[in-house]
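# Reading the structure
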2 protein chains.
Amino acid sequence: MTDTLKHLQKATCIATTNIAFVKYWGRINDALRLPMNGSISMNLDSAFTTTTVEFDESLTADLFSLANQPADAKQSARVFSHVDRIRAMAGIQTRARVASENNFPTGAGIASSASAFAALSVATAKAAGLSLPERELTLLARQGSGSACRSVPAGFVEWHYGETNEASFAEQIAPPEHWDIRDLIAITQTTHKEVGSADGNKLVSTSPFNETRVKLAGASLNIIRRAILEKNWTTFGEETEREAIRLHVIAMTSQPPIYYWSPVTLAIIQAVTEWRRDGLEAYFTIDAGANVHVLAKAEDADEVENRLWQQEGVKIVLHNKPGMGAQVVESHLF
Amino acid sequence: MTDTLKHLQKATCIATTNIAFVKYWGRINDALRLPMNGSISMNLDSAFTTTTVEFDESLTADLFSLANQPADAKQSARVFSHVDRIRAMAGIQTRARVASENNFPTGAGIASSASAFAALSVATAKAAGLSLPERELTLLARQGSGSACRSVPAGFVEWHYGETNEASFAEQIAPPEHWDIRDLIAITQTTHKEVGSADGNKLVSTSPFNETRVKLAGASLNIIRRAILEKNWTTFGEETEREAIRLHVIAMTSQPPIYYWSPVTLAIIQAVTEWRRDGLEAYFTIDAGANVHVLAKAEDADEVENRLWQQEGVKIVLHNKPGMGAQVVESHLF
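Residues numbered from 1 in each chain as written. Chains lettered and ligands numbered in written order. Predicted model: local features only at pLDDT ≥ 70, side-chain atom pairs only at ≥ 80, totals over all residues. Heavy atoms only, no water.

## Description of the overall build of chain A
Stated precisely, the cut-off is as follows: Segments assigned H or I by DSSP are reported as helices when at least four residues long, segments assigned E as strands when at least two residues long, and all are numbered from the N terminus. Contact criterion: two residues are considered in contact whenever any of their non-hydrogen atoms come within 4.5 Å of each other. Per-residue and other accessible areas follow the Shrake-Rupley method at a 1.4 Å probe size, with only the shown protein chains counted as cover for residues.
In terms of regular secondary structure, chain A is built from eight helices and 14 strands. Dimensions of chain A, computed from the C-alpha atoms along their principal axes, are close to 65 × 40 × 35 Å. Sequence separation of at least 24 residues holds for 76% of the intrachain contacts in chain A that already meet a minimum separation of 6. Of the roughly 12,800 Å² of accessible surface on chain A, a fraction of 49% belongs to carbon and sulfur atoms.

Structural data, given as structure tokens:
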């Protein structure tokens with residue numbers, strides 16, 4: 001099969017992380033990463049992963065470096081098995097060198113696996129000489145890390161519920177320029193969180209509230225999709241907050257319970273609620289971690305950012321606009 | 001009717017607050033204060049209200065003082081309407097002087113209305129010359145403030161679900177000396193909470209998770225009652241924590257949401273969870289407020305108390321044992 005190597009070689013891809021307004025929390029199929037409910041997100045322009053994949057006939061094993069350091073065995077195994085999926089599609093067996101870098105702290109509750117597996121999928125497919133439509137790339141990315149599929153299309157994205165691999169794809173709802181809203185991420189921790197979201201995901205069915213949450217998420221999808229299309233800020237914000245709280249309800253009522261929030265998280269929840277009473281219409285959402293994503297209209301973003309910097313316990317504030325989709329920035333094909 | 005005054009006059013009652021292990025959160029009947037689910041609690045020996053009721057023919061209106069100060073109009077109206085209930089039962093119309101005092105901060109998330117209405121019910125009935133069995137007193141207290149009915153019997157108490165006034169009474173599960181467990185209350189606030197539990201109670205049906213919570217509370221009643229009778233500390237503690245979290249799940253998913261926790265509350269939740277990993281088997285429960293009740297076995301209580309005093313943001317720690325029921329401590333009947 002080595003003759004196909006003439007058609008491929010090396011590609012670099014940039015993919016942003018995304019913030020979900022309707023969350024992915026719980027799966028109906030672990031192997032395929034099929035979620036219990038559809039989700040909606042926005043790509044974040046300032047938080048991204050850059051990944052270079054190079055197939056090299058001289059290698060006897062795959063190599064994976066993260067931030068220029070050899071990655072640990074567990075991370076590497078997950079990456080290599082994802083590369084295997086793409087090798088199988090391309091009908092090749094050549095080993096690859098994978099180098100990945102985030103421009104934000106890993107494991108701090110920013111969805112690093114989303115940008116990582118989106119970038120890995122797109123770079124690997126390109127380097128393997130595959131020319132896949134966006135929808136196929138989302139299916140691939142999803143199998144690496146569920147929410148990664150939402151980082152493939154640009155802007156505002158919906159990941160569909162589906163009971164087969166092909167049915168659970170992601171697609172754009174609206175491009176980044178459709179609505180200039182901001183996500184100010186208040187980073188409250190920079191060390192790895194105690195319970196990763198992959199583990200939290202497995203516990204959802206131990207929560208007695210999960211069935212209700214899944215139903216509610218279905219309703220939230222329609223409300224939030226429409227609010228984005230109509231640029232209805234209040235409906236969008238209120239529903240996004242409710243949906244976020246429900247993820248934490250499930251986590252806190254799982255067995256064993258998971259408390260992702262830190263005291264700082266709760267202080268920000270309460271501050272944002274207070275700010276709204278004073279007329280600053282910002283809303284929060286929180287993934288499986290302690291960081292708080294504060295959503296603001298473009299004209300309020302600087303004020304919100306300033307207030308967040310002043311909150312005790314906030315280490316960094318990242319200012320994000322709606323971001324692009326996964327992009328191949330460089331490739332060498334022969 | 002003034003001739004019946006010969007049979008009554010003045011009585012003082014002490015009643016403790018109680019901490020619920022299965023919570024009262026939501027009502028099927030607001031006027032009668034009939035709860036959506038039964039509940040179980042323990043009286044707290046160190047946190048009590050002392051109330052003196054004196055019927056006096058020379059008065060033209062009821063008077064109510066709290067901590068030796070005239071109480072505000074809203075509090076007074078609630079007290080007088082409760083005294084009216086008892087006057088109606090006794091067939092009298094004489095006005096009363098009511099003086100009440102708590103030995104703990106009012107409105108800081110300790111159930112002050114529980115001890116207050118238990119003491120008021122028992123003192124008023126006694127001063128009115130009524131000789132009511134304990135069960136009747138619990139029905140009366142419940143109409144003043146739901147959880148007050150649990151402060152009438154001694155020790156460990158169950159308040160039954162019931163669809164009529166008579167069916168929803170409280171009774172002892174076990175006397176105080178049955179099981180020497182402790183409740184260390186970490187007081188994190190000493191000002192009045194933003195949303196009183198009476199208002200929070202009205203919002204429960206706006207939470208999409210309430211129906212499930214009510215069902216789960218029914219199961220918890222059986223588990224916790226049995227664990228108390230069998231002195232099964234682990235089962236008791238684990239189920240009590242789960243039940244407590246569910247109250248806050250309902251509050252946080254009500255519309256509008258209520259966040260009773262403060263950052264300090266969350267820090268203590270996480271500390272207690274951590275202590276257990278280190279072998280100190282304490283459990284938390286949290287009412288509609290920011291204070292944390294940390295439950296400990298008698299032999300661990302001093303250690304838990306010390307650790308709580310060291311927690312940042314904890315203002316006071318109250319050390320409670322299982323307490324007595326509402327007691328008439330002084331009465332003058334003629």
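## What to know about helix α6 (residues 233-252) of chain B
As a reminder of what qualifies: Multiplying 1.5 Å by the helix residue count minus one yields the expected span of that helix. For the exposure calls, accessible area comes from a 1.4 Å probe over protein chains only, and a residue counts as buried if that area is under 20% of its type's maximum, exposed if over 50%, partly exposed in between.
Between the first and last C-alpha of α6(B) there are 29 Å, a value that for 20 residues agrees with the 28 Å anticipated at 1.5 Å per step. Of all the 20 residues making up α6(B), 16 are buried; the element is thus mostly covered by neighbouring parts of the structure.

## Some words on the packing of aromatic side chains
Convention followed: Only rings of Phe, Tyr and Trp enter the pairing, Trp through its six-membered ring, and a pair is recorded when the two centres are within 6.5 Å. The plane angle decides the type: under 30 degrees is stacked, over 60 is edge-to-face, the rest tilted. Geometrically, a lysine NZ or arginine CZ counts as sitting over a ring once it is within 6 Å of the ring centre and also within 35 degrees of the ring normal.
Counting across every chain of the model gives 18 aromatic pairs over all chains. Look at Trp25(B) and Tyr260(B): their rings are 6.0 Å apart centre to centre, the planes differ by 75°, and that puts the pair in the edge-to-face class. With Trp25(B) in the loop between β1 (10-22) and β2 (27-29) and Tyr260(B) in the loop between α6 and α7 (263-277), this pair connects stretches of sequence that are 235 residues apart. As far as the burial class goes, Trp25(B) and Tyr260(B) line up, both buried. Ring plane angle 35° and centroid distance 6.5 Å describe the contact between Phe156(B) and Trp179(B), whose orientation is recorded as tilted. Here Phe156(B), found in strand β8 (residues 156-159), pairs with Trp179(B), found in the loop between β9 (170-174) and β10 (181-187); they are 23 residues apart in sequence, far enough to count as distant. On the basis of relative accessible area, Phe156(B) is assigned to the buried category, the value being 0%. Residue placement shows Arg135(A) over the ring face of Phe169(A); its charged tip is 3.6 Å from the ring centre.

## What about the interface of chain A and chain B?
Where we set the bar: In short, buried area is how much 1.4 Å probe accessible area vanishes from two parts on joining, totalled over both. In what follows, salt bridge is the name for a side-chain nitrogen of Lys or Arg lying within 4 Å of a carboxyl oxygen of Asp or Glu. Any pair of N or O atoms that falls within 3.5 Å is considered a polar contact. Within protein, one atom must be able to donate a hydrogen and the other to accept it, and sequence-neighbouring residues count only if both atoms are side-chain atoms. Residues are grouped as follows: Ala, Val, Leu, Ile, Met, Phe, Trp, Tyr, Cys and Pro are nonpolar; Asp, Glu, Lys and Arg are charged; every other residue, Gly included, is polar.
Of the residues lining the interface, 24 residues belong to chain A; the matching set on chain B comes to 24 residues. Summed over both partners, the interface of chain A with chain B buries about 2,100 Å², with 72% contributed by carbon and sulfur atoms. On inspection of chain A and its partner chain B, the count reaches zero salt bridges. Where chain A touches chain B, the interface holds two residue pairs in polar contact (both at pLDDT 80 or more). At the level of elements, α5 (210-230), α6 (233-252) and α7 (263-277) of chain A are the ones that each hand at least two residues to the side of chain A that touches chain B. At seven residues, α7(A) tops the list of elements feeding residues into the side of chain A that touches chain B. Classifying every residue of the side of chain A that touches chain B by side-chain character gives 13 nonpolar, six polar and five charged.

## Examining the relation of the copies chain A and chain B
Rule in force here: Alignment of copies: least-squares fit on C-alpha atoms of residues with pLDDT of at least 70 in both copies.
Turning chain A through 180° and shifting it by 0.0 Å along the axis lays it on chain B, with an RMSD of 0.0 Å. Each copy turns onto its partner about a two-fold axis. Nearest to the rotation axis, the C-alpha of Pro263(A) is located 2.0 Å from it, this being the minimum over chain A. In this assembly, 100% of the residues forming the interface of chain A have copies in chain B that are likewise at the interface, indicating an isologous arrangement.

## Quick look at the confidence of the model for chain A
The condition that has to hold: Every residue gets a pLDDT, meaning the predictor's confidence in that residue, from 0 to 100.
The predicted model of chain A has a mean per-residue pLDDT of 93, with 93% of residues at 70 or higher. In the predicted assembly, ipTM is 0.88 and pTM is 0.91.

## Thoughts on the sheet that holds strand β12 (residues 292-297) of chain A
Strands belonging to one sheet form pairs held by backbone hydrogen bonds; the direction of such a pair is parallel or antiparallel. All names here are of chain A. Put simply, the rule is: Two strands are counted as paired when DSSP detects at least two bridges linking them. A fitted line through C-alpha atoms represents every axis, and for helices the fit uses only the stretch in contact; the resulting angles, taken between N-to-C directions, go from 0 to 180 degrees.
Pairing within the open sheet is antiparallel, and its four strands lie in the order β11-β12-β10-β13. Each of the sheet's edge strands pairs with one partner strand only, and the pair in question is β11 (283-285) and β13 (316-320). Pairwise comparison of adjacent strand axes, ignoring direction, gives a mean angle of 25° for this sheet. Of the pairings in the sheet, the one linking strand β10 (residues 181-187) to β13 comprises five bridges and is antiparallel in character. In the sheet register, Ile185 faces β13, and the bridge partner there is Leu318. α6 rests against β10, β11 and β12 of the sheet, and its axis sits at about 35° to β11. Against the sheet, helix α8 (residues 301-310) contacts β10, β12 and β13, and its axis sits at roughly 165° relative to β13.

## Thoughts on the sheet that holds strand β12 (residues 292-297) of chain B
All names here are of chain B. The strand order β11-β12-β10-β13 describes an open sheet built from four strands, whose pairing is antiparallel. At either end of the open sheet lies a strand with only one pairing partner, and these are β11 (283-285) and β13 (316-320). Direction aside, the axes of adjacent strands within the sheet are offset by 25° on average. Across the sheet, α6 lies against β10, β11 and β12, angled at about 35° from β11, the strand it touches most. Helix α8 (residues 301-310) rests against β10, β12 and β13 of the sheet, and its axis sits at about 165° to β13.

## What to know about the side chain of Asp56(A)
All names here are of chain A. Mapped onto the elements, Asp56 comes out in the loop between β4 (39-55) and β5 (63-66). Asp56 sits in the buried class, given a relative accessible area of 18%. Those residues in contact with Asp56, other than ones at most four positions away along the chain, are Thr94, Arg95 and Arg97.

## Quick notes on the environment of Cys149(B)
Residues and elements named next belong to chain B. Here Cys149 shows up in the loop between α3 (134-144) and β8. On a C-alpha basis, the gap between Cys149 and Ser168 in space is 9.4 Å, while along the polypeptide they are 19 residues apart. Sequence-distant contacts of Cys149, that is, excluding residues within four places in its chain, are made with Thr138, Ala141, Arg142, Trp159 and Ala170.

## Let's talk about the domain arrangement of chain A
Residues and elements named next belong to chain A. Which entries qualify depends on this criterion: Each domain's limits were defined by an automated method or a database of domain assignments.
Each domain of chain A was delimited in the assignment, giving domain 1 (5-177 + 323-333) and domain 2 (179-320). Of the residues lining the interface, 31 residues belong to domain 1; the matching set on domain 2 comes to 45 residues. Summing the contributions of domain 1 and of domain 2, the shared interface buries around 3,200 Å²; its carbon and sulfur component is 65%. If you sort the residues of domain 1 by the area they bury against domain 2, Phe21, Lys23 and Trp25 come out on top, with a joint share of 26%. For the interface between domain 1 and domain 2, the tally reads two salt bridges. Residue assignment for the side of domain 1 that touches domain 2 shows that the elements contributing at least two residues are β1 (10-22), β4 and β8 (156-159). Residues that form the side of domain 1 that touches domain 2 fall into these classes: 17 nonpolar, eight polar and six charged.

## A few points about the pairing of strand β4 (residues 39-55) of chain B
All names here are of chain B. Of all 17 residues in β4, twelve are buried, a share of seventy percent or more. One ladder, built from eleven bridges, connects β1 with β4; its direction is antiparallel. Bridging across to β4, Ile19 finds its partner in Met42. As paired elements, β4 and β8 share four bridges and run antiparallel to each other. From the neighbouring strand, Ser41 faces β8, where its bridge partner is Val157. Bridge count for β4 against strand β7 (residues 96-102) is seven bridges, and the pairing is antiparallel.

## Some points on the packing of helix α1 (residues 73-90) of chain B against α3(B)
Residue and element names in this part refer to chain B. In plain terms, the rule: Reported orientations rely on four angle classes, namely roughly parallel under 35 degrees, roughly antiparallel over 145, roughly perpendicular from 65 to 115, and oblique for the rest. By convention, the crossing between two helices is left-handed when the near helix turns anticlockwise from the far helix through less than a right angle, and right-handed when the turn is clockwise.
At a minimum axis separation of 10 Å, α1 and α3 run at an interaxial angle of 150°. Between α1 and α3, the angle is such that the two are roughly antiparallel. The two elements α1 and α3 cross, and the hand of that crossing is right-handed. Judged by residue contacts, Arg78, His82, Arg85, Ile86 and Met89 of α1 engage Leu140, Ala141, Gln143 and Gly144 from α3. Here the contact of α1 with α3 is built from residues that sort into four nonpolar, three polar and two charged.

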